[in-house]
Amino acid sequence: MRGADVQRVFETILPDKVLMKLVQSAKFQQRARKLDALRLLRAMIVAAATGYGGRQADVMRLYFESGASRVVRGVFYGWFGKELEAIMVEIRALALAYAGSMKRDLPGLLGAHVTDWHIVDSSTVKLDRALLAEYPGAGDYAALKIHKRFSVGLGTTIDYHLSPAREHDNIHFEIDQTWRGLGVLLDLGYASFKLLRDCREHDVRFVIRLKDSWKPRVQHVARGALVKQF
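Residues take numbers from 1 onward in each chain, read along the sequence in its written order. Where local features are concerned, this predicted model is filtered to residues with pLDDT of at least 70; where side-chain atom pairs are given and counted, the filter is 80 or more; whole-chain, interface and lining totals use all residues. Side-chain metrics rest on all non-hydrogen atoms present in the structure, leaving aside hydrogens and water.

Before going further, it helps to spend a moment on the packing of aromatic side chains. Working definition: an aromatic ring pair is given by the centre-to-centre distance plus the angle between the planes. Only Phe, Tyr and Trp rings take part, Trp by its six-membered ring, and two of them pair if their centres are within 6.5 Å. Stacked means planes under 30 degrees apart, edge-to-face means over 60, and tilted covers everything else. Under the defined criterion, the tally for this structure stands at 10 aromatic pairs. Ring centres of Phe64 and Phe76 lie 6.0 Å apart, and the angle between their planes is 55°; on these two criteria the pair is classed as tilted. With Phe64 in helix α4 (residues 56-65) and Phe76 in helix α5 (residues 73-78), the pair connects residues that are 12 residues apart, well separated along the chain. Residue Phe64 shares its accessibility class with Phe76, and that shared class is buried. Taken together, the ring pairs connect Tyr63, Phe64, Phe76, Tyr77, Trp79 and Phe80 into an aromatic cluster. Definition used: whenever NZ (Lys) or CZ (Arg) falls within 6 Å of the ring centre and also within 35 degrees of the ring normal, the charge is taken to sit over that ring. Between the NZ or CZ atom of Arg42 and the centre of the ring of Phe10, over which it lies, the distance is 4.7 Å. Think of it this way: any DSSP run of H or I at least four residues long counts as a helix, any run of E at least two long counts as a strand, and we number them from the N terminus. Here the term buried applies to any residue with accessible area under 20% of the maximum for its type, exposed to any over 50%, and partly exposed to those in between, with areas from a 1.4 Å probe on protein chains only.

A few words now on the nonpolar core. Core analysis: the biggest nonpolar cluster contains 26 residues, and Phe28, Leu40, Tyr63, Phe76, Trp79 and Ile87 have the highest contact counts within it. Every element with two or more residues in this core is listed here: α2 (16-26), α3 (37-47), α4 and α6 (82-100). Among the elements that line this core, the one with the most residues is α3, at 7 residues. With sequence-adjacent residues up to four places away left out, Tyr63 is seen in contact with Lys34, Leu35, Asp36, Arg39, Leu40, Ala43, Ala68, Ser69, Phe76 and Trp79. By convention a nonpolar core is built from buried Ala, Val, Leu, Ile, Met, Phe, Trp, Tyr and Cys residues, the set being connected through side-chain atoms within 4.5 Å. Phe173, Cys199, Val204 and Trp214 belong to the second-largest nonpolar core, a separate cluster that totals 14 residues. Contact between two residues is taken to exist if any of their heavy atoms lie within 4.5 Å; hydrogens are not considered.

Let's shift gears to a nonpolar patch on the surface. Taken together, the side chains of Ile119, Phe150, Leu185 and Val207 define a hydrophobic patch exposed on the protein surface, amounting to about 290 Å² of accessible area. Tracing the backbone through its elements, the reader meets Leu185 in strand β4 (residues 183-186). To count toward a patch, a residue needs a relative accessible area over 30% and no salt bridge; like charges are then connected within 9 Å, while nonpolar side chains (Val, Leu, Ile, Met, Phe, Trp, Tyr) are connected within 5 Å. Per-residue and other accessible areas follow the Shrake-Rupley method at a 1.4 Å probe size, with only the shown protein chains counted as cover for residues. For salt bridges, the criterion is a side-chain nitrogen of Lys or Arg within 4 Å of an Asp or Glu carboxyl oxygen.

With that settled, the discussion passes to the packing of α3 against α4. Where α3 meets α4, the axes come as close as 8 Å, and the angle between the chain directions of the two elements is 125°. The orientation of α3 with respect to α4, classified from their angle, is oblique. Considering how the two elements wind past one another, α3 and α4 form a crossing that is right-handed. Residues Arg39, Leu40, Ala43, Met44, Val46 and Ala47 of α3 form the contact with α4, whose own contacting residues are Asp58, Val59, Leu62 and Tyr63. Each axis is a line fitted through C-alpha atoms, taken for helices only over the stretch in contact, and angles between the N-to-C directions span 0 to 180 degrees. Angle categories: roughly parallel below 35 degrees, roughly antiparallel above 145, roughly perpendicular from 65 to 115, and oblique for all the rest. Handedness of each helix crossing follows the sense of rotation of the near helix against the far helix: counterclockwise by less than a right angle gives left-handed, clockwise gives right-handed.

What follows is about the side chain of Arg42. Topologically, Arg42 is positioned in helix α3. Side-chain polar atoms of Arg42 contact the side chain of Asp16, separated by 2.2 Å. With residues near it in sequence (within four places) discarded, Arg42 still touches Phe10, Leu14, Pro15, Asp16 and Leu19. Polar contacts here mean pairs of N or O atoms no more than 3.5 Å apart (in protein, one a potential hydrogen donor and the other a potential acceptor; neighbouring residues in sequence count only if both atoms are side-chain atoms).

Hydrogen bonds between backbone atoms are what pair the strands of a sheet, whose relative direction is either parallel or antiparallel. The strand order across the open sheet formed by 5 strands is β3-β2-β1-β4-β5, and the pairing between neighbours is mixed. The open sheet has two free edges, formed respectively by β3 (156-164) and β5 (205-207), since each of these has just one partner strand. If you compare each strand with its neighbour and ignore which way they point, the axes differ by 25° on average. By definition, two strands form a pair when at least two bridges between them are found by DSSP. In this structure, β4 lies alongside β5, joined through 3 bridges in parallel fashion. Paired with Leu185 across the bridge in β5 is Val207.

This is the structure in structure tokens:
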């Protein structure tokens, strides 16, 4: 995205007036006179999409490069507290609500039998060892999993949640009545017989690989003509 594109997205989804209302509600800028809250929030959001994984050092770099007054590292890191966390939770809700309000694009067969297709998958992020008790990894290290729900019709993430990396994927995903009429594409880590029964009960189409231990019985074979455009 170019600078003008980034500006347009921010002004549409998170305009200054909305962000400042969140800042004032959280009492984020009451004592930090050198803090430019709007620049920091925008740096937080942009840093999440860079190759540095949204680390504090990357947020600080983007914040200063945007023209904010420089402060020492300790002062900058001191701004990362419960007030900033509360604001980011609200920003998350606003961004996801905006994405969910868009018109879905499901041409042809994609939208023939469902209102939308959702892709569910998880990514593991290794953390500082100090977080081992809260987020145990698969080994002697700290890590968390980000469970993401991606809408094919919208072309973006519409929900996510976190879990300790040591926990199995399938305990963090459930098909219920809210999924009725949708289709879901799942990684094998979420696969279970319960999941398949729930999809059948709630009228949810699914695409999933078979586990090696499963012994399926073919009941129907569908054949179609392959065309140049998919």
